[in-house]
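Residue-level structure breakdown
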Amino acid sequence: MKTLTEDILYRVIKKRAKDSHKGTYGRVLIIGGTAQFGGAVIMNALAAVNSGAGLVTVATDPSNFTALHSHLPEAMVVDFNEDLTEYIKKSDVVLIGSGLGDRIDLVQHTFYAILPRQILIVDGSALTLVAEHKLKWPKSRLVLTPHQMEWQRLSGVTINEQAFEAFNMLAQQRMNVEPILVLKQHHTQIYTNDCAFEIPVGGPYQATGGMGDTLAGMIAGFTAQFMLSFSEAILAAVYAHSAIADELAETRYITLPTEISASIPEFMHRYSR
Ligand SMILES: NC(=O)C1=CN([C@@H]2O[C@H](COP(=O)(O)OP(=O)(O)OC[C@H]3O[C@@H](n4cnc5c(N)ncnc54)[C@H](OP(=O)(O)O)[C@@H]3O)[C@@H](O)[C@H]2O)[C@@H](O)CC1
Ligand SMILES: Nc1ncnc2c1ncn2[C@@H]1O[C@H](COP(=O)(O)OP(=O)(O)O)[C@@H](O)[C@H]1O
Ligand SMILES: [Mg+2]
C-alpha cells in the first residue's frame, strides 16, 4: 500500500489554457436523488461544479429542481423519468447512485447505454442495487466509490477482512471489468489496476451524511477535466477532499460537505501550475 502525498495535486491540477472554453472541461451527467434524497444530488453537483467541470446536468426527481437551482444555478436539470439515452451519450462522465433509492431501472438503463470510452462513477444506492440484483458491470471506464458496508454487499469481503489489501484486490480482479475502487473509510484506500494507495489525510470531522456524495461529485469534476491520467485524477480528487476537510477542521468541530465544496476553487488554485 503506497501512501499518497500532496505531490499528486501538483501533478494533476493544471493551469487553464487561455483559449479553452466550457466544453474543454467536460460534460458531467449526475443521475440520482429520489424525492426523499434530493440533497445527495445537490451535494454531487456542488462538488462537480466547484471542482471545475465545464457543464453539469442533474437527472433527478422533478421535486428537487427548485432546491437544486437555488443552491446552484450553474447546473442544468432533467426529469429522471424521461428517456436519458441522449443525455448519457453526450456526457464524458456519468455519476449514478447518490440518493437513488430503489430505482434499479435507472441503473440498468445507464449500464446499457454507456459506451466503453465514457467514465462511469457508481456510488451509494446504485452499488447496493447492483449487489442485490447481481447486475453485470458495463465495459466503460468504471469507478466504484463504496463505503465499507457497500463494499461488503458488493464483493462479499466482510468489513473485518477489508483490513487485508489482498482480499480487496482479489475481489476487484474477479469483476468482469477491473474497476478503480475507492474504498471509503478513515484513510480511504484506492485500488487501481495494478496498485493500492492510501490517503494520510482526513478525520472524524468528516463523518456527516453527504460527505461521500461530495467526494463522488469531486471525482466526476476531476475526471471530466483532467483527462490525461484517469487514475491520477481520481487519486487527486480523493486526496483533495480530505485535505480540504483537514484545513477546515483547524477551526471547526465538524466539516460540512457543502463547506468542503465551497473551498475547492481556492484550494485548487494553490496547486495549479
Ligand atoms: N441528504 C441526502 O439526501 C443524503 C443521502 N444519502 C444517500 O442515502 C443512500 C443510503 O446511503 P447510506 O450510506 O446512508 O446507507 P446504507 O447503504 O444502508 O449504509 C449504511 C449501513 O452501513 C453500515 N456501515 C458499516 N460501515 C459503514 C461505513 N464505513 N460507512 C457508512 N456506513 C457503514 C451502517 O452501519 P451503522 O451506521 O448502522 O453502524 C448502516 O447499517 C445513498 O444513496 C446515499 O447517497 C446519504 O448520503 C445521506 C445524505
Ligand atoms: N472517521 C473518518 N475519517 C476520515 N474520513 C471519514 C471518516 N468518516 C467518514 N469519512 C469520509 O466521509 C465519507 C463518507 O462517505 P459515505 O458514507 O458514502 O457518505 P454519504 O453517503 O452520507 O455521502 C467518505 O469519504 C469517508 O472516507
Ligand atoms: Mg455514500
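Residues numbered from 1 in each chain as written. Chains lettered and ligands numbered in written order. Predicted model: local features only at pLDDT ≥ 70, side-chain atom pairs only at ≥ 80, totals over all residues.

Going by the annotation in an unreviewed UniProt entry, the name recorded for the protein chain is ADP-dependent (S)-NAD(P)H-hydrate dehydratase, with Leuconostoc mesenteroides subsp. mesenteroides given as the source organism. What UniProt records for the protein chain under Sequence similarities (unreviewed entry) is the sentence "Belongs to the NnrD/CARKD family." The heading Function (unreviewed entry) in the UniProt record of the protein chain holds the text "Catalyzes the dehydration of the S-form of NAD(P)HX at the expense of ADP, which is converted to AMP. Together with NAD(P)HX epimerase, which catalyzes the epimerization of the S- and R-forms, the enzyme allows the repair of both epimers of NAD(P)HX, a damaged form of NAD(P)H that is a result of enzymatic or heat-dependent hydration." (UniProt positions renumbered as here; feature names shortened; annotations may be inferred.)

Mapped onto the elements of the fold, P257 is located in helix α11 (residues 257-271). With 16 residues separating them along the chain, P257 and H241 place their C-alpha atoms 9.4 Å apart. Dropping the residues within four chain positions of it, P257 is found in contact with M43, T208, G210, M211, D213 and T214. (Helix = DSSP H or I, 4+ residues; strand = E, 2+ residues; numbered from the N terminus. Contact = placed C-beta atoms within 7 Å.)

Moving on: the pairing of strand β4 (residues 76-79). Pairing analysis gives four bridges linking strand β3 (residues 55-60) to β4, with the strands arranged parallel. Considered in β4, the bridge of T57 is made with M76. Between the parallel pair β3 and β4, the chain is carried across by helix α3 (residues 65-71), and the sense of this crossover is right-handed. (Pairing = 2+ DSSP bridges. Right-handed = clockwise from strand over helix to strand, strands pointing away.)

We now examine the site of ligand 2. Taken together, 17 residues form the shell around ligand 2, and within it K184, H186, G202, M211 and G212 come nearest. In terms of residue count, the dominant contributor to the shell around ligand 2 is helix α9 (residues 211-225) (four residues). Partitioned by chemical class, the residues of the shell around ligand 2 number four nonpolar, eleven polar and two charged. (Near = placed C-beta within 6 Å. Nonpolar A, V, L, I, M, F, W, Y, C, P; charged D, E, K, R; others polar.)

Regular strands have side chains that alternate between both faces of the sheet. In terms of burial, strand β2 (residues 27-31) is largely enclosed, as four of its five residues are buried. As paired strands, β2 and β3 are joined by five bridges and run parallel to one another. Its bridge partner lying in β3, V28 is registered against V56. Viewed along the sheet, the connection from β2 through helix α2 (residues 38-51) into β3 turns out right-handed. (Buried ≥ 20, exposed ≤ 12 C-beta atoms within 10 Å, placed from the backbone.)

In the UniProt entry, the feature "binding site: AMP" (unreviewed entry) is given for K184, Q185, H186, H187, T188 and G212. A stretch of 29 residues holds the annotated residues, and the largest C-alpha distance among them is 13.3 Å, short enough that they meet in one place. Tracing the sequence through the fold places H186 in the loop between β8 (180-183) and β9 (189-191). The contact partners of T188, leaving out residues within four places of it in the chain, are V182, L183, I199, G202 and V238.

Residue K134 is not a glycine yet carries a positive backbone phi of 50 degrees. With respect to the helices and strands, K134 occurs in the loop between α6 (124-133) and β7 (141-144). The phi angle at H187 is positive, at roughly 60 degrees, despite the residue not being glycine. Within the secondary structure, H187 sits in the loop between β8 and β9. We classify H187 as partly exposed; it has 14 C-beta atoms within 10 Å.

Quick look at the site of ligand 1 now. Among the 20 residues in the neighbourhood of ligand 1, the closest are listed as G39, G124, H147, M149 and G209. Counting only elements with at least two residues in the shell around ligand 1, the list comes to α2, α6, α7 (148-155) and α9. When grouped by side-chain class, the residues that make up the shell around ligand 1 number five nonpolar, 13 polar and two charged.

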